[in-house]
Amino acid sequence: MDNHNKERNAALGRAWTDDEPWDFLTRLTHIGNRMGGSNGERRAATLVAEAFRDAGVCDVHTDPFEMQAWSRGRSRLSLEADGRAFDTVALPYSPSGDVTGELVYVGHGTPDEVDEHDVAGKIVVASTTTPPGGRFVHRMEKFGYAIDAGAEAFVFVNHVPGQLPPTGALKFGEEAVAPAVGVSKESGAWLKDDAEDGAMARLTVEAETTTGESQNVVGRLGPDTDEEMLLLAHYDAHDIAEGALDNGCGIAVVVTAARILAQFDLSVGVRIAGVGCEETGLTGSEHLAEQLAHDRIKAVVNVDGAGRFRDLIAMTHTSEATASVAERVADETRHPIQIETEPHPFSDQWPFVRAGVPALQLHSDSGERGRGWGHTHADTRDKVDDRNIREHAMLTALLVAELADEDEVPRLDTEELAAAFRDADFETGMRAADLWPDAWE
């Protein structure tokens, strides 16, 4: 075994029993609310910066940026006939509003299902999940399409039991045009029946969107080279829970992977970033993409979802080169990595993929469809198994190092990328959510 491999194996071996991932996650989740632009998010940025430095990351600094900060007040959904009320959670970037209208249940809320109903002037009720066999249709798409069809308000029903109303932003970085709330699966069962009876309901939301400030935390590892890798994860979270799974695990994976990579003899430099405001519109990664020269980024590895569950998923966003590296690492480590080639625009790789930068998004598989505990009050530290964080951090470090060692990682072709999004049936939903790039017209 040569010294290069001995060095890497020693770093990986030390990570196997490292207590720091759990300690870091504990400190992060202890903060509580890490909503974009909040004091909690600022405290989390300080914690991430300290963790990066402790891991051996150089030139660590905080890069602030302006954003639209959303804060919730009270929300209420009640039936006009008998006054029955349901527990609600306002969805970020919902405006304040007071809407009275007929309930209409549109199933999963896909465009085809919305088109089957007359939603004009009504309060649309839709599930968080989507039909099996197809791609997962994002909340922003469902909301945007329903509102474009004339709906006055939107109710998002969790498909996971446990009296857990879900949250999640309605727009990327700006206030939406109609009020919206999440309700539990149990409440949704009643609302479906009430909608079938043509019930009238009243939805009120109190919320405010103001100009605020967030920040990215950025540093570097390895040599100062013209070309560099980018490894990132978002550290913000929704304000209703601790954000342990989404994305406490992800930023813990990046901190741990950085500690491993700091002990590698890297062939190119690696930029390390913890980004803010992912949950409210990828604002941090958009700002980071504006600061970096895209032609210098060899590939981006976005850790959003890794560390939560046992098996790692590598979303390659149409890049054959990143898929090949993920398959090789899986073979060499005899650790399963599920490859998913289909692209999507709903995480921090998107500003870079849109610009043609090859990417991996590292996720993990619970065996169930949808977010599970994520985006609910139940996203808490007790759901985490830190063995998954350590193992996925080791795999992440190897993936970054292997991509760095590649002679060439071809850029993504814009026309082929747009075609892939169309083939995956994204165009209608992305247009409804105002996410379809103008350059793809």
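Below you will find a few notes about this structure. Please read all numbers here as calculations on a predicted model, not as lab measurements.

The next point concerns the packing of helix α2 (residues 20-30) against helix α7 (residues 244-261). Two packed helices can be described by the angle between their axes and the distance between those axes. Between α2 and α7, the shortest axis-to-axis distance is 9 Å and the interhelical angle comes to 140 degrees. Relative to α7, the element α2 is oriented oblique. Note that α2 runs across α7; the crossing there is right-handed. Two secondary-structure elements touch here, α2 through E20, P21, F24, L25, L28 and T29 and α7 through A244, G248, C249, I251, A252, V255, T256 and R259. Of the residues assigned to the contact of α2 with α7, the class counts are nine nonpolar, three polar and two charged.

With that settled, consider the packing of helix α9 (residues 320-333) against helix α11 (residues 386-405). Here α9 crosses α11 at 130 degrees, and the two axes come no closer than 10 Å. Between α9 and α11, the interaxial angle falls into the category oblique. Seen from above, α9 lies across α11 with right-handed handedness. Of α11, the residues touching α9 (which contributes T322, V325, A326, R328, V329, E332 and T333) are L395, L398, L399, E402 and L403.

Turning next to helix α12 (residues 414-423). Inspection of α12 places L417, A418, A420 and F421 among the buried residues, and these make up the whole buried set. Viewed along the axis of α12, the buried residues span an arc of 155 degrees, placing them on a single side of the element. Turned more than 90 degrees off the buried face of α12, the exposed positions are E415, E416 and D423. Measuring from the side-chain oxygen of the N-cap residue of α12 to the backbone nitrogen of E415 gives 3.1 Å; that N-cap residue is D413. Positive phi shows up at D425, right after α12, with a value of about 65 degrees.

Moving on: the side chain of E279. Locating E279 in the fold gives a position in the loop between β10 (269-275) and α8 (283-291). The class of E279 is buried, set by a relative accessible area of 7%. Polar contacts involving the side chain of E279 include one to the side chain of H375, which spans 3.2 Å. Beyond its immediate chain neighbours, meaning those up to four positions away, E279 contacts A169, H234, D236, A237, H238, D246 and H375.

Before going further, it helps to spend a moment on unusual backbone geometry. Following D246, the chain continues to N247 via a peptide bond in cis, the omega torsion being 5 degrees. Structurally, N247 can be placed in helix α7. Of note in this structure, T318 is not a glycine but carries a positive phi near 80 degrees. Tracing the backbone through its elements, the reader meets T318 in the loop between β12 (311-315) and α9.

Calculation criteria
- Residues numbered from 1 in each chain as written.
- Predicted model: local features only at pLDDT ≥ 70, side-chain atom pairs only at ≥ 80, totals over all residues.
- Heavy atoms only, no water.
- Axes fitted to C-alpha atoms, helices over the stretch in contact; angles between N-to-C directions.
- Helix = DSSP H or I, 4+ residues; strand = E, 2+ residues; numbered from the N terminus.
- Parallel < 35°, antiparallel > 145°, perpendicular 65-115°, else oblique.
- Left-handed = near helix turned anticlockwise from the far one by under 90°.
- Contact = heavy atoms within 4.5 Å.
- Nonpolar A, V, L, I, M, F, W, Y, C, P; charged D, E, K, R; others polar.
- Buried < 20%, exposed > 50% of the residue type's maximum accessible area, 1.4 Å probe, protein only.
- Arc of directions from axis to C-beta.
- Polar contact = N/O pair within 3.5 Å; in protein donor to acceptor, adjacent residues only side chain to side chain.

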